[in-house]
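Each chain, written out:
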Amino acid sequence: MKPFPKIIIAPVFFASTLWLFPAEAPSVEKAWNIVDHVPVDKVIVQSHRGAGVLAEENTIAAFETGWSLGTWPECDLRTTRDGVIVTFHDGNFSRVVKGIAPEMAKLGVKDVTFEDLLKLDVGAWKGDQFFGRKVSTISDVFKVMQDRPGRRLYMDIKSVDLRQLAGEVIKYKVEKQVVFTTSRHQLIREWKKLVPESETLLWMRGDEEALNKTLREIRKTGFEGITQLQIHIFPTKTIGEALEMAAIQAGRLKTTIEREKANPNQFTISDDFLRKLGDELRTRNILFQTLPYTSDTSVCSDLFDLGVASIATDYPDAVLAEIRKYYSRK
């Protein structure tokens, strides 16, 4: 028998080696997933204004509720006329002081002394069970945090002297427990010079054009001083009948179907924007947090899938349950 021509031998041998040494499939980079990188008990949930809807806002009782859940409460800081830093959100008293005189309702923290402020009930508006609650000083809050490192606190700056606040933080040795929170990057840069050990959060709201404008500016500084960044978002599926009706009446939108076609994303901020921002922030070791304005806590799962790593909420107990459910499915 004549041997196979040499021209045939080479291809046959090559084909046999494909079975012995199969070519490796091209590697596909796996999308970032919070479950792979953050243990469920390390996911940070910010309890908006203390404990969200679970308690009257910005009181020590509310912060205690937030801590008892394992969340990081948020407070808002303002300064009284006589220079006392207190936890209070609004610019006036009309919303959270029940039965207040009309002339007093127009006033705010900056217009009264701390002694006058203590005369106001800031809990009764929330329900009878919260009757008699008083405004807290930031010093009183720090006292119940001192020597308890597990208690963390976001401090949203409304009207405060930074040096005075830094002095209080240092006095009670809570530098590593507070998160300086603001929408103004320059304040963060100033704060980090005063309390370099403190974490910081820059919060942002607006459409993608506005967000991108802000991001371009802070990129020029290399995100200087920022350890957490928060985006305020609205889910498109729960954006609300009022907004949709206004659009219909203005002739801009005729049906829900048309609205969904106009914005097929899950949120008013596009999925692509959130994914890309999450990727960028992780390369900078900055925590990516969102504040979704909705009572539908199932959106947390969608946000985690898009690369978000932390949630701020008015529904902390429900969000914690949603997080546990999300992790159990992965």
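Our structure is the block above this text.
Residues numbered from 1 in each chain as written. Predicted model: local features only at pLDDT ≥ 70, side-chain atom pairs only at ≥ 80, totals over all residues. Heavy atoms only, no water.

1. Re empty space enclosed by the protein
Argument step 1. The final tally for this structure, using the stated rule, is two cavities of 30 Å³ or more.
Argument step 2. Looking at the largest cavity, its volume works out to about 50 Å³.
Argument step 3. In this structure, the largest cavity is lined by E57, N58, T87, F88, H89, V96, V122, W125 and V135.
Argument step 4. A per-class count over the lining of the largest cavity returns five nonpolar, three polar and one charged.
Argument step 5. As for the second largest cavity, its lining consists of P292, T294, D296, T297, V299, C300, I311, T313 and V319.
Argument step 6. Mapped onto the lining of the second largest cavity, the elements with two or more residues apiece are α13 (299-305) and β9 (310-313).
Argument step 7. Each residue belonging to the lining of the second largest cavity can be placed in one class, and the counts come to five nonpolar, three polar and one charged. (1 Å grid on protein atoms, 1.4 Å probe; cavity = no way out; pocket = protein on both sides within 12 Å on 5 of 7 lines; lining within 4 Å. Points joined across faces, edges and corners; volume = space filled by probe spheres on them. Nonpolar A, V, L, I, M, F, W, Y, C, P; charged D, E, K, R; others polar. Helix = DSSP H or I, 4+ residues; strand = E, 2+ residues; numbered from the N terminus.)

2. A few points about the packing of aromatic side chains
Argument step 1. The full count for this structure, using the stated rule, is eight aromatic pairs.
Argument step 2. Ring geometry for F63 versus W67: centroids 6.4 Å apart, planes at 55°, classification tilted. Of this pair, F63 and W67 both sit in helix α3 (residues 60-69), four residues apart, which is roughly one turn of the helix.
Argument step 3. On the accessibility criterion, W67 (9% relative accessible area) is buried.
Argument step 4. Considering the side-chain rings of F142 and Y172, the 6.3 Å spacing of their centres and the 55° angle between planes classify their relative orientation as tilted. Here F142, found in helix α6 (residues 138-145), pairs with Y172, found in the loop between α7 (162-171) and β5 (178-182); they are 30 residues apart in sequence, far enough to count as distant. A single burial state applies to F142 and to Y172, both of which are buried.
Argument step 5. Clustering of aromatic rings is evident, with ring pairs tying together F304, Y326 and Y327.
Argument step 6. Residue placement shows R95 over the ring face of W125; its charged tip is 5.4 Å from the ring centre. (Phe/Tyr/Trp six-rings, centres within 6.5 Å; stacked < 30°, edge-to-face > 60°. Buried < 20%, exposed > 50% of the residue type's maximum accessible area, 1.4 Å probe, protein only. Lys NZ or Arg CZ within 6 Å of the ring centre and 35° of its normal.)

3. Description of the side chain of S139
Argument step 1. Residue position: S139 is located in helix α6.
Argument step 2. Overall, the relative accessible area of 17% leaves S139 in the buried class.
Argument step 3. With sequence-adjacent residues up to four places away left out, S139 is seen in contact with E168 and Y172. (Contact = heavy atoms within 4.5 Å.)

4. Some points on a nonpolar patch on the surface
Argument step 1. A surface patch of nonpolar side chains, amounting to about 190 Å² of accessible area, comprises V53, L54 and L69.
Argument step 2. Its place among the elements puts V53 in the loop between β1 (45-47) and α3.
Argument step 3. A relative accessible area of 37% places V53 in the partly exposed class. (Patch = residues over 30% accessible without salt bridge, like charges linked within 9 Å, V, L, I, M, F, W, Y side chains within 5 Å. Areas by Shrake-Rupley, 256 points an atom, 1.4 Å probe, with all protein chains shown as cover. Salt bridge = Lys/Arg side-chain N within 4 Å of Asp/Glu carboxyl O.)

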